[in-house]
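Okay, here's what each chain looks like letter by letter:
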Amino acid sequence: MQLMIILDGTVVTVALPTIQAELGFSQAGLAWVMNSYLIAFAGLLLLAGRIGDLIGSKRVFVAGLGLFTAASLLCGVAGSAEVLIAGRFLQGVGGALASAVILGMIVSLYPAPGEQARAMGVYSFTAASGASIGLIFGGVITQTIGWHWAFLINVPIGVASLAFAVRLLARQPGLGLANGADVLGAVLVTAGLSLGVYTIVQTAEPQATLTRTVVLAAASLLLLAAFVVRQARIKNPLLALRIFRRRQLTVANGVVVLLFAAGFGFQFTTALYVQRVLGYDSLTTGLAFLPAPLMNGLMSLSLAPRLTVRFGPRKMLIAGLVVFLLVLLWISRAPVDGSYVVNVGPVLAVMGAGIGVAIPASIMLAMSGADAGDAGLASGLNNTAQQAGAAVGTAVLAALAASTTTSRLAEGAGGLLALRDGYGAAWLAAAGFVLAALLLSVSLLRSPASVGGREYVERS
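Rules behind the numbers
- Residues numbered from 1 in each chain as written.
- Predicted model: local features only at pLDDT ≥ 70, side-chain atom pairs only at ≥ 80, totals over all residues.
- Heavy atoms only, no water.
- Helix = DSSP H or I, 4+ residues; strand = E, 2+ residues; numbered from the N terminus.
- Buried < 20%, exposed > 50% of the residue type's maximum accessible area, 1.4 Å probe, protein only.
- Contact = heavy atoms within 4.5 Å.
- Polar contact = N/O pair within 3.5 Å; in protein donor to acceptor, adjacent residues only side chain to side chain.
- Phe/Tyr/Trp six-rings, centres within 6.5 Å; stacked < 30°, edge-to-face > 60°.
- Salt bridge = Lys/Arg side-chain N within 4 Å of Asp/Glu carboxyl O.
- Core = buried A, V, L, I, M, F, W, Y, C linked by side-chain atoms within 4.5 Å.
- Axes fitted to C-alpha atoms, helices over the stretch in contact; angles between N-to-C directions.
- Parallel < 35°, antiparallel > 145°, perpendicular 65-115°, else oblique.
- Left-handed = near helix turned anticlockwise from the far one by under 90°.
- Nonpolar A, V, L, I, M, F, W, Y, C, P; charged D, E, K, R; others polar.
- pLDDT = per-residue confidence, 0-100.
- Patch = residues over 30% accessible without salt bridge, like charges linked within 9 Å, V, L, I, M, F, W, Y side chains within 5 Å.
- Areas by Shrake-Rupley, 256 points an atom, 1.4 Å probe, with all protein chains shown as cover.

**Overview of the overall build of the chain**
Counting secondary structure elements, the chain contains 19 helices and 2 strands. A total of 460 residues make up the chain; the buried ones form 56% of that total. Taking the intrachain contacts of the chain between residues at least 6 apart in sequence as the baseline, contacts between residues at least 24 apart amount to 83%.

Here's what the structure looks like:
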């Protein structure tokens, strides 16, 4: 299920030109095929995670999966821009409901550290490789059977997943709505998060101005501040602020934000470099990303769980971040006439390996800081950190690349050189995100006392 949701977030990317031509989207309106999904998804994750704690994670997961599947069908048969955007919004709602409780369910289903490390490896593979696989599938599907199948392919997968979920997942009783049914708080946090994501994505629209962006950002912060004040004062808060007193959880989620900001921003700008500088078409661009999920799968599904049991998640996180940082510094020097064999393929392969180590370790560290009763909340918080990082990273790196390109063109640089310099600046900014995550991990994070029954002591 998680792979399907992550795939859907990126598989549409390479199909956008075809969708625009067939459904008559304007250039500004086309962005809402992505934005409507992202706003609903990111805005509801935290609320959905808490609802899972209150009424039971299985109920929330099944409801989200059913809604996501139905919305995928609506998108697949859409004959107008309005229907497609509405379907994408509903996909975001369903995806948030299902995704928000997944981590909590994994922790509950696999309490033993060794088993949990393997389960987190599978989860992280879907989270880290889903975007790359989505680019590959998007190119193949669009150029063979049409863009509609980018959505319709979810329907049989969703129906099968729903049947297995209903039959195999054990019912997990919740705490009860009386222990946190804060309707006003739910409205405030959902509105604040959704407006925050909208503030980020609207910066790419032609009508975006600095004043408008500042006003929207201020409104988002005010809503979130009102939510925090309310949570501190009511008896049964939707978000127990005490959870942020756990340094492990708070710092690890900060690392997740930075890691996903760098990872998703890197994939976005690298796809543009391959298309606009090296001249690849959509299908070839998708296939060019194949080394990333292959290496990520090798690490996160096979090697990383065993290494995590032996050395602990903190050391694995630090190792993965170091690898990713070196990769970003490497590709930042890619030339205009770069070669896939030298400048792109090896970078994607090594990046996939580094991410395959870092992401499961960061998630394990974040979830280790939560009690069983807060598993759904911690899961929703971690998913929110992932989506916030992805949104912020993509927006910031895209804006930096565009502004750098514009400046270089004004200085008289050639078109391709200006584009390359823009992407180079974006890759260096991504390296800055990773460096910040590395410093946090080294200075503030600690591994659990043991993993898989093997005790060890780490020194910072």
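On we go.
**Some remarks on the environment of glutamate 411**
Within the secondary structure layout, glutamate 411 lies in the loop between α18 (375-410) and α19 (415-444). The class for glutamate 411 is exposed, based on a relative accessible area of 58%. Among the polar contacts made by the side chain of glutamate 411, one reaches the side chain of arginine 408 at a distance of 2.8 Å.

**Some words on the packing of aromatic side chains**
Applying the stated criterion across every chain, the model contains 6 aromatic pairs. Between tyrosine 423 and tryptophan 427, the aromatic rings sit 6.5 Å apart at their centres with planes inclined by 45°, giving tilted as the arrangement. With a gap of 4 residues between them, tyrosine 423 and tryptophan 427 both fall in helix α19, about one helical turn apart. Owing to a relative accessible area of 0%, tryptophan 427 belongs among the buried residues under this scheme. Through a chain of ring-to-ring contacts, the aromatic side chains of Tyr273, Tyr423 and Trp427 assemble into a single cluster.

**Details of the pattern of salt bridges**
A side chain of one charge can pair with a side chain of the opposite charge when the charged atoms of the two come close. For the coordinates displayed, the defined rule picks out 3 salt bridges. Across the salt bridge formed by arginine 408 and glutamate 411, the nearest N and O atoms sit 2.8 Å from each other. Arginine 408 gets classed as partly exposed once you look at its relative accessible area, which sits at 22%. Each member of the salt-bridge network shares a partner with another, and the members are Arg408, Glu411, Arg420 and Asp421.

**Regarding the nonpolar core**
Formed by 98 residues in total, the largest nonpolar core has its most connected members in Phe61, Phe266, Tyr273, Leu317, Phe324 and Met351. With 16 residues, helix α13 (residues 247-277) is the single largest residue contributor to this core.

**Topic: the packing of helix α16 (residues 313-331) against helix α17 (residues 340-367)**
Interhelical geometry of α16 versus α17 gives an angle of 155° and a closest axis separation of 7 Å. Between α16 and α17, the crossing angle belongs to the class labelled roughly antiparallel. The way α16 lies across α17 gives a crossing that is left-handed. A class-by-class count of the residues in the contact of α16 with α17 yields 20 nonpolar, 4 polar and 1 charged.

**Some details on the packing of helix α15 (residues 291-311) against α17**
Close contact between α15 and α17 brings their axes to 8 Å; oriented N to C, the two are set at 35°. By crossing handedness, the relation of α15 to α17 is classed as right-handed. Counting all contacts with α15, which are made through Pro291, Ala292, Met295, Asn296, Met299, Ser300, Ala304 and Thr308, the residues of α17 involved are Tyr340, Gly345, Leu348, Ala349, Met351, Gly352, Ala353, Ile355, Gly356, Val357 and Met364.

**A closer look at the side chain of threonine 405**
In this structure, threonine 405 sits in helix α18. With a relative accessible area of 10%, threonine 405 lands in the buried category. A distance of 2.9 Å separates a polar side-chain atom of threonine 405 from the backbone oxygen of alanine 401. A polar side-chain atom of threonine 405 sits 3.1 Å from the main-chain carbonyl oxygen of alanine 418. With near-sequence residues (within four places) excluded, threonine 405 lies in contact with Ala418, Leu419 and Gly422.

**Topic: the confidence of the model for the chain**
Averaged over every residue, the pLDDT of the chain is 82; residues scoring 70 or more account for 86%. Of the regions scoring below 50 in pLDDT, residues 450-460 engages in 30 contacts with residues more than four places distant in sequence or in other chains.

**A word on a nonpolar patch on the surface**
Together, Leu73, Leu74, Val77, Val83, Phe89 and Leu90 line one region of the surface with nonpolar side chains, adding up to about 460 Å² of accessible area. Of all the secondary-structure elements, those providing two or more residues to the nonpolar patch are α5 (57-76) and α6 (81-100). It is α6 that contributes the most residues to the nonpolar patch, 3 residues altogether. Tracing the backbone through its elements, the reader meets leucine 73 in helix α5.

**Thoughts on the environment of alanine 429**
Its place among the elements puts alanine 429 in helix α19. Look at alanine 429 and you get partly exposed, because its relative accessible area is 22%. A C-alpha to C-alpha distance of 7.1 Å links alanine 429 and leucine 397, two positions 32 residues apart in sequence. Setting aside its immediate chain neighbours within four residues, alanine 429 contacts Leu397 and Leu400.

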